[in-house]
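One letter stands for each residue in the lines below.
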Amino acid sequence: PKATVLDLSCNNLISLPSDFCSLMHLVKLDLSKNRLQQLPLDFGRLVNLQHLDLLNNRLVTLPVSFAQLKNLKWLDLKDNPLDPVLAKVAGDCLDEKQCKQAAVKVLQHMKAIQSEQDRQRQRKLQAEREMEKKREAEQRAKEAQERELRKREKAEEKERRRREYDAQKAAKQEMEKKTKKETVQTRKRATSSRPPQPPRHKHSWSRSVLRVLLFALLCVLCTLAACKLTELQRQPLCISVNALYEDVLAALQNHKTLQNMLQQNSRQ
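As named in an unreviewed UniProt entry, the protein is Leucine-rich repeat-containing protein 59, taken from Phoenicopterus ruber ruber.

Encoded structure:
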């Protein structure tokens, strides 16, 4: 694991194992004259790598992590079916100088690709965040609209119930007024159809007076009968009563005579 130089050239390698990039102490690596079609995606973990030979493989592109090989000083990509842009950047690497320039230019090119991918990723994330914000705003607007709709429906329902209550109350009051009016009219008709009756207290008073008079008359008749028909007629009280009776009887006879005379005069 602490190896610094590794030569795997001329082995017909098709790919590298996934844990190959754990050899982070590598300084010089020779993978020339194999059949590699691609390098591991995390090839950039070999940060100490300075010399890399990829001559005569089947590489078309390089992984974006290649831009992390900041210590790379020598690179050979000849005899690979590289992408035209990458092939132009890498050059021919026919001598030491061109191979060093290839390392510098390829690193710059891969850093530019990495930066562009990072920007695209950021733009994508920004677009996703904006889309998420937009969805959240639309959701909030929808919820606010639904709340406003529910609030308006509740207000309308409350207003409808209030109108129904007011209508019922008004109808009840109208019915009470109508019933009261009919009751008054019925009482008036009943009062007008009955003959007027004297006040109860006057009627009671008249009965009391009549009873007193009848009692007095009964007493007088009893006294008169006693004075006329019994032995008490010689008593002074009975003598006075009998004399009074005779006077009253004479007065009534005279009154009757006078009445007859008046009737005769009225006839004439």
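There is more to say, and it comes next.
Here we have four strands laid out as an open sheet, ordered β1-β2-β3-β4, and parallel in their pairing. Edge strands, defined here as strands with exactly one partner in the open sheet, are β1 (5-7) and β4 (74-76). Within this sheet the neighbouring strands show an average axis-to-axis angle of 5°, counted without direction. Where β1 meets strand β2 (residues 28-30), three bridges bridge the pair, whose relative direction is parallel. Bridged to Val5 within β2 is Lys28.

It is worth spelling out the side chain of Asp30 at this point. Structurally, Asp30 can be placed in strand β2. Buried Asp30, no salt bridge; nearest opposite-charge side chain is Lys28, N-O distance 7.0 Å. Setting aside anything within four residues of it in sequence, one finds Asp30 in contact with Leu6, Asp7, Leu8, Ser9 and Asp53.

All right, on to the state of the cysteines then. In a disulfide, the sulfur atoms of two cysteines are held together by a covalent bond. Applying the stated rule across the entire model yields one disulfide. Between the sulfur atoms of Cys93 and its disulfide mate Cys99 the distance is 1.7 Å. Between Cys93 and Cys99 the disulfide shows an S-S torsion of about 100°. By sign, it is right-handed. Exposure class is identical for Cys93 and Cys99. Each is buried.

Now for the pattern of salt bridges. With the rule as written, the count across this model stands at 13 salt bridges. Two residues, Lys78 and Asp76, come together in a salt bridge whose shortest N-O distance is 2.9 Å. Given the relative accessible area of 22%, Lys78 is considered partly exposed. With a relative accessible area of 4%, Asp76 lands in the buried category. One salt bridge connects Glu116 with Arg123, and the closest N-O pair in it is separated by 3.3 Å. For Glu116, a relative accessible area of 29% puts it in the partly exposed group.

A few words now on the nonpolar core. Most often, soluble globular proteins keep nonpolar side chains buried together rather than apart. The biggest cluster of nonpolar side chains holds 29 residues, and the ones touching the most others in it are Phe43, Leu52, Leu62, Phe66, Leu75 and Val106. Elements with a contribution of two residues or more to this core: α1 (84-90) and α2 (96-193).

Side chains of Trp205, Val209 and Leu213 sit close together on the surface and give an oily, nonpolar patch of about 330 Å² of accessible area. Residue placement: Val209 occurs in helix α3 (residues 200-229). Overall, the relative accessible area of 31% leaves Val209 in the partly exposed class.

Criteria and thresholds
- Residues numbered from 1 in each chain as written.
- Predicted model: local features only at pLDDT ≥ 70, side-chain atom pairs only at ≥ 80, totals over all residues.
- Heavy atoms only, no water.
- Pairing = 2+ DSSP bridges.
- Helix = DSSP H or I, 4+ residues; strand = E, 2+ residues; numbered from the N terminus.
- Axes fitted to C-alpha atoms, helices over the stretch in contact; angles between N-to-C directions.
- Buried < 20%, exposed > 50% of the residue type's maximum accessible area, 1.4 Å probe, protein only.
- Lys, Arg positive; Asp, Glu negative; His and termini not counted.
- Salt bridge = Lys/Arg side-chain N within 4 Å of Asp/Glu carboxyl O.
- Contact = heavy atoms within 4.5 Å.
- Disulfide = S-S within 2.5 Å.
- Core = buried A, V, L, I, M, F, W, Y, C linked by side-chain atoms within 4.5 Å.
- Patch = residues over 30% accessible without salt bridge, like charges linked within 9 Å, V, L, I, M, F, W, Y side chains within 5 Å.
- Areas by Shrake-Rupley, 256 points an atom, 1.4 Å probe, with all protein chains shown as cover.

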